[in-house]
Amino acid sequence: MPLDVNFLVGGEAGQGIQTIGFVLGKTMARGGLHVFTDQDYESRIRGGHNFFRVRVKDEEVKAHNEKLDILIALNKETVELHKNDMKENGIVILDGQALKMDAGTPGFVDVPLEKLAVEAAENKIMSNSVAVGAVLGLVGYDFEILADVLRWHFAKNTEKIQEDNVRAARAGYDYAAERIPKGFTKISRAASDGKRMFINGNEALSLGAMAAGCKFLAAYPMTPTTPILEFMADKGRDYNIAVLQPEDEIAAINMIVGAAYTGVRTMTATSGSGFALMVEGIGLAGITETPIVVVLGERAGPAVGLPTRTEQGELLFAIRTGTGEFPRAVMTPATAEDAFYLTAKAFNLAEKYQTPVIILTDTHLANSYNDVSKFDLKQIKIDRGALLTNAEAVKLTDYKRHQVTESGVSPRALPMQSRALVVTDSDEHDEYGHMTESAEIRTRQVIKRLKKYSGLKSEMGQPRFHEMPDAELTLIGWGSTYGAIKEASEMLKKEGAANNVLHFSEVWPFPVETVAPILQNSRKSIVIENNATGQFAHLIRGETGHKVSGTINKFDGRPISPSFILNELRKGVV
Amino acid sequence: MVRASEQPALTVQDYLSPVENQWCPGCGNFGILRAVKKALAELKLEPHQVLFVSGIGQAGKFPHYLKCNLLNELHGRALPAAVAAKIVNPELTVIAVGGDGDGYGEGGNHFLNAMLRNVNITYLVHDNQVYGLTKGQASPTSDRGFVTKTTPTGAWEPINPMALAIACNASFIARSYSANTEHLVKMVKMAIQHKGFSLVDIFQPCVTYNKVNTYQFYQTHLYKLDDEEGYDPTDRIAAFNKSLEWGEKIPIGLFYRAERPVFEENLQAARGEPLVKQKLDPMKFETLLDEYI
């Protein structure tokens, strides 16, 4: 039987849930297994209920699952909240003494986490490593992989701390190994070498930006994209990337416009409310034809909403953003791989078309770890479009930054690259960049800017289309829901219901020519979105005239899972 | 590149712009334009070596009337863009320019933080104590009681940009007057030559909408700190006391100067070759990717 085991680590904020979950996932991935994790936490630093879910399979996995095989409960509440999620033979690991709980209950495995930690490493804090060890002991996994991962995870600490953690994990491992319930699932390392990256969406996106040559990032901390700012502030020191935390999002967007105008590749990252503050600046990039990349990590709005939770509520906000009209592209990465490659692509598009590119992610993608093939840097080609070389720039006479051209893209010189003056304006301007009130010039400049859409359109990647013969149904989605929709589709197929999946990672400009015929040939089309109003269904209607048969929406701040989709379909809602 | 000393002398003619000027006849801005051209020429800064970043308002149009690189920004947002431009290319002389409404109102938060950050740029504020482009509303520096269409019972408490700058420990704080070309040229030159953030607040009579703070008003009330015996612009407390003077006598000149570390030199990435000149090479991230395996 194929392997599909689901773990959940739950407890209060500050108990080390993320460490346990991450180390567990990483250890499985290092052993060549496939792993998808997701996180659920509250907007607080201590207390509350948080969890980290780790799903392990022996084939590719891109979605989470609610039903649990092993629950690691760091507090009583976790048991209460998740007992109904347990599979029939599921196991709850807990420290009965520490939690003052009767560990004699069937399905409970009592592991004295704190006691073992103190015995093995003279430190209660190491109980997290005891917990990971215990989990792996129960499933009989190769301990040495865990030992290596712990040493790697604590590499910045002293060797003593590393080895104390390994000893603590060993104690948990050995303790649990003697208490394996009869017939409990075993997990063995895979035959493959495990040389895959274990990475979340935020990290993959940051690496994509760095590989693409981002040299300046200004961002104001905001969940879920704060880790991008932190990551690049840290790594930027080694790779010459200027990273700034300015006074607000308005400063951030105007800073990246200033840096991009001067000549470097730039990016900012925020969430919906921060993006709202940036909107005027995005229009500025539009009219001054300045290439910028803006990451909008959606969370559940409006306003502050559910700040640590996921949603897809800003699709139309991103696509329609700005005052006035100007071209832009919107990427909606579905996976960590997409987050890397599409971010790199976004930098090329921004420079080739001298206009803003928005990368629309969400909390679910940002925080979910997944194992992926090592990103291929050879695929990252830097294309700076009409940016002039120094040799070309020195030959300029009578330079016009906003010269009207066939493609709408003007040759781009940089200040001080030569004697040519680079003039641009947030006001409507003539070809030189000086402000104008002329109706004719205004009309020419608007047409020039919007012309860039035809080039942009030709560059947009096509949606993923998984077609089955005699499909009764086409499941449609965009962004982080891909894994869940794809898995739901496969489950449906197993039940005998042939279906297609049509999924978008690049939504704007909308690929009308590809999509319209697919939709016309679909018997029934269902759009699945993490929002309440079906924004993508509206977009499809607006762009193709096709009215979809129905929508499945989830807007409780939690991500869409395969079983949620199946349940909704079964309810006959659609 | 040609070194400054080998170049023929520059004159104000070298900064002539082909753009038609839209300011009202008699506007104080003309004096600022004249003085800035003169300052640039005297500093031997050629048009292509200078980047002006301006906001919106009558002052925001300023760089269009001058030959230079120009990013005419949004209302209130010149400073963040100017700061970033300097960080990625420190070889550029970066001058932000705007009015009192643009810089002290709409862009107030950026003003505070630009002073704290101390990036090596110059900020010229055309301070006419009124909104010109939107036709005569009260501005952040309008005197208390200043009656306009939006403040029929008189403007409320004005901002004191000098005091604010001293509180933020801005490293160069000066005030000048558009009709005193000699003084203004001196202040602008000192500001550009100062290493760190330099503020020059420039009184500039609005002949159309401000009937209080007129040429006459300034001629009567202004005096030069240079003429004040024993004034020490490195004494922050003394500078703060001067900044509170408003009434019969209003000081212009260098209020305060401090040696402070410059932000960009503390930014590891911006220390070596200017970021704009660095080669982009995806392959150098190979080892970083390996950290995720």
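Quantities reported herein were computed from a predicted structural model and do not represent experimental measurements.

Caption draft 1: Geometry of the overall build of chain B. Along the backbone of chain B there are ten helices and eight strands. What you see for chain B is a C-alpha radius of gyration of 20 Å, in line with the 19 Å of a compact globule of 293 residues. Oriented by its inertia axes, the alpha-carbon framework of chain B measures out at about 70 × 45 × 45 Å. Within chain B, the fraction of its 293 residues that count as buried is 50%.

Caption draft 2: Expanded view of the sheet that holds strand E8 (residues 214-218) of chain A. In spatial order, the strands read E9-E8-E10-E11-E13-E12-E19 (chain A); together these seven strands make up an open sheet with mixed pairing. Of all the strands in the sheet, the pair left with one neighbour each is strand E9 (242-244) and strand E19 (506-508) of chain A. Put simply, the sheet's adjacent strands are angled 20° from each other on average, direction ignored. Where E8(A) lies against strand E10 (residues 265-270) of chain A, three bridges are found, and the strand directions are parallel. In the sheet register, A:Phe216 faces E10(A), and the bridge partner there is A:Thr266. Strands in contact with helix H8 (residues 201-211) of chain A are E8, E10, strand E11 (293-298) and strand E13 (357-362) of chain A; relative to E13(A), the strand with the most contacts, it is inclined by about 160°. The strands touched by helix H2 (residues 78-88) of chain B within the sheet are E8 and E9 of chain A, with E8(A) carrying the most contacts at an inclination of about 150°.

Caption draft 3: Geometry of the pairing of strand E7 (residues 197-200) of chain A. All names here are of chain A. Going residue by residue along E7, you find Met 197 and Ile 199 tucked away on one face and Phe 198 and Asn 200 tucked away on the opposite face as well. As defined by bridge partners, E7 adjoins strand E14 (residues 369-372) across four bridges and the pair is classed as antiparallel. Paired with Met 197 across the bridge in E14 is Val 372.

Caption draft 4: The confidence of the model for chain B, seen in detail. Put simply, chain B has an average pLDDT of 95, and 98% of its residues get 70 or more. Overall fold confidence for the complex sits at a pTM of 0.97, while the interface term, ipTM, reaches 0.97.

Caption draft 5: Just the environment of A:Arg449, in detail. All names here are of chain A. Here Arg 449 shows up in helix H16 (residues 439-459). With 96 residues separating them along the chain, Arg 449 and Tyr 353 place their C-alpha atoms 9.0 Å apart. For Arg 449, the contacting residues outside a window of four places in its chain are Glu 289, Phe 326, Pro 327 and Gly 408.

Caption draft 6: Geometry of the domain arrangement of chain A. Residue and element names in this part refer to chain A. Once the domains are mapped, chain A shows domain 1 (4-195), domain 2 (199-379), domain 3 (390-459) and domain 4 (464-570). Each of domain 1 and domain 4 has a C-alpha centre, and these two points are 35 Å apart. On the domain 4 side, the residues contacting the seven residues of domain 1 number nine residues. Looking at side-chain class alone, the side of domain 1 that touches domain 4 contains two nonpolar, two polar and three charged residues.

Caption draft 7: Focus on the interface of chain A and chain B. Residue-level contacts link 55 residues of chain A with 47 residues of chain B. Mapped onto the side of chain A that touches chain B, the elements with two or more residues apiece are E7, H8, E8, helix H9 (226-236), helix H10 (249-262), helix H11 (272-288) and strand E15 (423-425) of chain A. At ten residues, the largest contribution of residues to the side of chain A that touches chain B is made by H10(A). For the side of chain A that touches chain B, the class distribution of residues is 31 nonpolar, twelve polar and twelve charged. Two elements, E15(A) and strand E2 (residues 69-72) of chain B, share three bridges in a ladder whose sense is parallel. Residue pairing in the sheet places A:Asp425 in a bridge with B:Asn72 of E2(B).

Caption draft 8: Representation of the nonpolar core in the model. One finds A:Ile72, A:Ile93, A:Val135, A:Ile256, B:Ala84 and B:Ala85 to be the most contacted residues of the largest nonpolar core, which totals 251 residues. Looking at this core element by element, the count peaks at eleven residues for helix H13 (residues 336-353) of chain A. In this structure A:Ile93 touches A:Ile70, A:Leu71, A:Ile72, A:Ala73, A:Val109, A:Val111, A:Ala131, A:Ala134 and A:Val135, once residues within four positions along its chain are discounted.

Caption draft 9: Up close: unusual backbone geometry. Cis rather than trans, the peptide bond between A:Gly301 and A:Pro302 has omega equal to -5°. Residue position: A:Pro302 is located in the loop between E11 and helix H12 (315-319). Phi is positive for A:Lys100, which is not a glycine, with a value near 50°. Looking at where A:Lys100 falls in the secondary structure, it is placed in the loop between helix H3 (96-99) and strand E6 (108-110). Within the chain, B:Lys44 stands out as a residue other than glycine whose phi angle is a positive 55°. Positionally, B:Lys44 belongs in the loop between helix H1 (29-42) and strand E1 (50-54). By the C-beta count within 10 Å, which is 14 here, B:Lys44 ends up partly exposed.

Caption draft 10: Spatial organisation of the packing of H10(A) against H11(A). Residues and elements named next belong to chain A. Packing of H10 against H11 brings their axes to within 7 Å, and their N-to-C directions diverge by 25°. Viewed along their axes, H10 and H11 adopt a mutual orientation that is roughly parallel. In this structure, H10 crosses over H11, and the sense of that crossing is right-handed. Residues Glu 249, Ile 250, Ala 252, Ile 253, Asn 254, Val 257 and Tyr 261 of H10 pack against Gly 274, Leu 277, Met 278, Gly 281, Ile 282, Leu 284, Ala 285 and Thr 288 of H11. A class-by-class count of the residues in the contact of H10 with H11 yields ten nonpolar, four polar and one charged.

Caption draft 11: Spotlight on the sheet that holds strand E7 (residues 222-224) of chain B. Strand order across the open sheet formed by nine strands is E15(A)-E2(B)-E1(B)-E3(B)-E4(B)-E6(B)-E5(B)-E8(B)-E7(B), with mixed pairing between neighbours. Both outer strands of the open sheet, E15 of chain A together with E7 of chain B, are each paired with one neighbouring strand and no more. Each strand of the sheet is rotated relative to its neighbour by a mean of 20°, with strand direction disregarded. As paired elements, strand E5 (residues 172-177) of chain B and strand E6 (residues 198-203) of chain B share six bridges and run parallel to each other. Note that in E6(B) the partner of B:Phe172 across the bridge is B:Ser198.

Caption draft 12: The environment of A:Ala63, seen in detail. Residue and element names in this part refer to chain A. Among the structural elements, Ala 63 can be located in the loop between strand E3 (47-57) and strand E4 (68-73). On the basis of neighbour count, Ala 63 is assigned to the buried category, with 25 C-beta atoms found within 10 Å. A C-alpha to C-alpha distance of 9.9 Å links Ala 63 and Thr 335, two positions 272 residues apart in sequence. Ala 63 has contacts with Phe 36, Gly 483, Ala 484, Glu 487, Ser 561 and Pro 562, leaving out every residue within four places of it along the chain.

Caption draft 13: Structural view of helix H8 (residues 236-243) of chain B. Residue and element names in this part refer to chain B. Buried within H8 we find Ala 239, Lys 242 and Ser 243. The arc that holds the buried residues of H8, viewed along the axis, is 100°, so those residues lie on one side. Relative to its buried face, H8 has exposed residues pointing more than 90 degrees away, namely Ile 237 and Asn 241. In this structure, the buried side of H8 is in contact with helix H5 (161-167) and strand E8 (250-257).

The rules behind the values
- Residues numbered from 1 in each chain as written.
- Chains lettered and ligands numbered in written order.
- Predicted model: local features only at pLDDT ≥ 70, side-chain atom pairs only at ≥ 80, totals over all residues.
- Helix = DSSP H or I, 4+ residues; strand = E, 2+ residues; numbered from the N terminus.
- Rg over C-alpha atoms; globule rule 2.2 N^0.38 Å.
- Buried ≥ 20, exposed ≤ 12 C-beta atoms within 10 Å, placed from the backbone.
- Pairing = 2+ DSSP bridges.
- Axes fitted to C-alpha atoms, helices over the stretch in contact; angles between N-to-C directions.
- Contact = placed C-beta atoms within 7 Å.
- pLDDT = per-residue confidence, 0-100.
- Domains from an automatic or database assignment.
- Nonpolar A, V, L, I, M, F, W, Y, C, P; charged D, E, K, R; others polar.
- Core = buried A, V, L, I, M, F, W, Y, C linked by C-beta atoms within 7 Å.
- Parallel < 35°, antiparallel > 145°, perpendicular 65-115°, else oblique.
- Left-handed = near helix turned anticlockwise from the far one by under 90°.
- Arc of directions from axis to C-beta.

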